[in-house]
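What the coordinates show
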Amino acid sequence: LLHTDGKPRPTVILNNFEPMGASRYFPIEELSEFDVNFIALCYKDITSDDGDFTTGIAPILLPNGQDTDTTCGKIGIWAWANMRVMDYALTLPETDAKNVAIVGHSRLGKTALVTGMLDSRFKYVISNDSGCSGASITRAKEGEHIDFITKTFPFWFCKNYTNYIDESKLTFDQHMLLATIAPRTLIVGSAWDDEWADPDAEYLGCVAASKAWENLGLTGFVHPDRLPTVGSVFDEGNVCYQIRPDGHYLSRRDWNVYFD
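Residues numbered from 1 in each chain as written. Predicted model: local features only at pLDDT ≥ 70, side-chain atom pairs only at ≥ 80, totals over all residues. Heavy atoms only, no water.

Right, let's talk about the sheet that holds strand 3 (residues 95–105) for a bit. Reading across the sheet, the 7 strands line up as 2-1-3-4-5-7-6 and stay open at both edges, with mixed pairing between neighbours. Across the chains shown, the open sheet's two edge strands, defined by having one partner strand only, are strand 2 (37–42) and strand 6 (233–234). Where strand 6 and strand 7 (residues 239–244) come together, 2 bridges link them in antiparallel fashion. If you follow Val233 over to strand 7, its bridge partner there is Gln242. (Pairing = 2+ DSSP bridges. Helix = DSSP H or I, 4+ residues; strand = E, 2+ residues; numbered from the N terminus.)

This is how it looks when you write it as structure tokens:
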């Protein structure tokens, strides 16, 4: 979805759940009103969302599948594809190379964070409702935990992640992933009724990650000394957070807040 007047514009790369076309997560008619270009790719076109490592580009990257305990899972493959789409975006005269965002929701919100960690060309990293193993602090969170997510979706992660099913053994937490985005802009979105992701834990992830920006002499996460209330938008720093009503999806309200 590119403007054709030859003017370079900020560009959004969306790792989407569906093929190109208007959808619940990608309301094209409304988004086309923004002075922004969009490139969307369907994550299952990259590789299937299951334990089969022979689909899509998976056998190119991992010809022996997940043959070691540290070999990445599907999230790593999806993130690699996002970076290759960035390569393509930078060949387009319509792309403002200094203003490219990666956006993802849920498992693809986790993927957006990993993409931003690995590729500093993305100035904006936007993770919507990414929850467990995404933006949410793991310790003491509500809803989903490492035990459940690695049993249900073991193929998303390297095998070593199961070493932390007993979360008392964690030597890290998810704010460290968020902190890798510094000094760029991190935007985390939550949904009030998304108890499985735990919006309070996503908020606390931003609070804990803020130090990475502050240590660089930048403004980190500007927030009140309390948990967020529904409808809150905190966007004065380089770490931004918003929480809307309702449940687990990428809404028109989310898009509008992110572009504001």
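The structure having been displayed, the exposition proceeds.
The next subject is the packing of aromatic side chains. For the structure on display, the rule yields 19 aromatic pairs. Ring centres of Phe26 and Phe38 lie 5.9 Å apart, and the angle between their planes is 70°; on these two criteria the pair is classed as edge-to-face. Taken together, the residues Phe26 in the loop between strand 1 (9–16) and helix 1 (28–31) and Phe38 in strand 2 connect sequence positions 12 residues apart. The exposure class of Phe26 is buried, given its relative accessible area of 0%. Judged by centre distance (6.1 Å) and plane angle (65°), the rings of Trp156 and Phe157 are edge-to-face. Classification of Phe157 as buried rests on a relative accessible area of 11%. Following the ring pairs from residue to residue traces out a cluster consisting of Phe26, Phe34, Phe38, Trp255 and Phe259. A cation over an aromatic ring shows up here: Lys74 above the ring of Phe53, its NZ or CZ 4.9 Å from the ring centre. (Phe/Tyr/Trp six-rings, centres within 6.5 Å; stacked < 30°, edge-to-face > 60°. Buried < 20%, exposed > 50% of the residue type's maximum accessible area, 1.4 Å probe, protein only. Lys NZ or Arg CZ within 6 Å of the ring centre and 35° of its normal.)

Side chains of Glu142, Asp193, Glu195 and Asp246 sit close together on the surface and give a patch of like negative charge. You can see Glu195 is positioned in the loop between strand 5 (185–191) and helix 8 (199–214). (Patch = residues over 30% accessible without salt bridge, like charges linked within 9 Å, V, L, I, M, F, W, Y side chains within 5 Å. Areas by Shrake-Rupley, 256 points an atom, 1.4 Å probe, with all protein chains shown as cover. Salt bridge = Lys/Arg side-chain N within 4 Å of Asp/Glu carboxyl O. Lys, Arg positive; Asp, Glu negative; His and termini not counted. Charge placed at Lys NZ, Arg CZ, Asp CG, Glu CD.)

Moving on to the state of the cysteines. Per the counting criterion, the structure on display carries 0 disulfides. Between Cys240, a cysteine without a disulfide, and Cys206, which holds the nearest cysteine sulfur, the sulfur-to-sulfur distance is 8.7 Å. (Disulfide = S-S within 2.5 Å.)

By the secondary structure assignment, His105 is in strand 3. Relative accessible area serves as the criterion here: at 3%, His105 is assigned to the buried category. Of note is the side chain of His105, whose polar atom sits 2.9 Å from the side chain of Asn128. Not counting residues up to four positions away in its chain, the partners in contact with His105 are Phe17, Tyr25, Asn128, Asp129, His248, Tyr249 and Leu250. (Polar contact = N/O pair within 3.5 Å; in protein donor to acceptor, adjacent residues only side chain to side chain. Contact = heavy atoms within 4.5 Å.)

A few words on the pairing of strand 5. Here strand 5 lies mainly inside the structure; 7 of its 7 residues are buried. Going residue by residue along strand 5, you find Thr185, Ile187, Gly189 and Ala191 tucked away on one face and Leu186, Val188 and Ser190 tucked away on the opposite face as well. Bridge count for strand 4 (residues 124–128) against strand 5 is 5 bridges, and the pairing is parallel. In the sheet register, Val125 faces strand 5, and the bridge partner there is Leu186. Pairing between strand 5 and strand 7: 6 bridges, direction parallel. Residue pairing across strands places Ala191 opposite Arg244, the latter belonging to strand 7.

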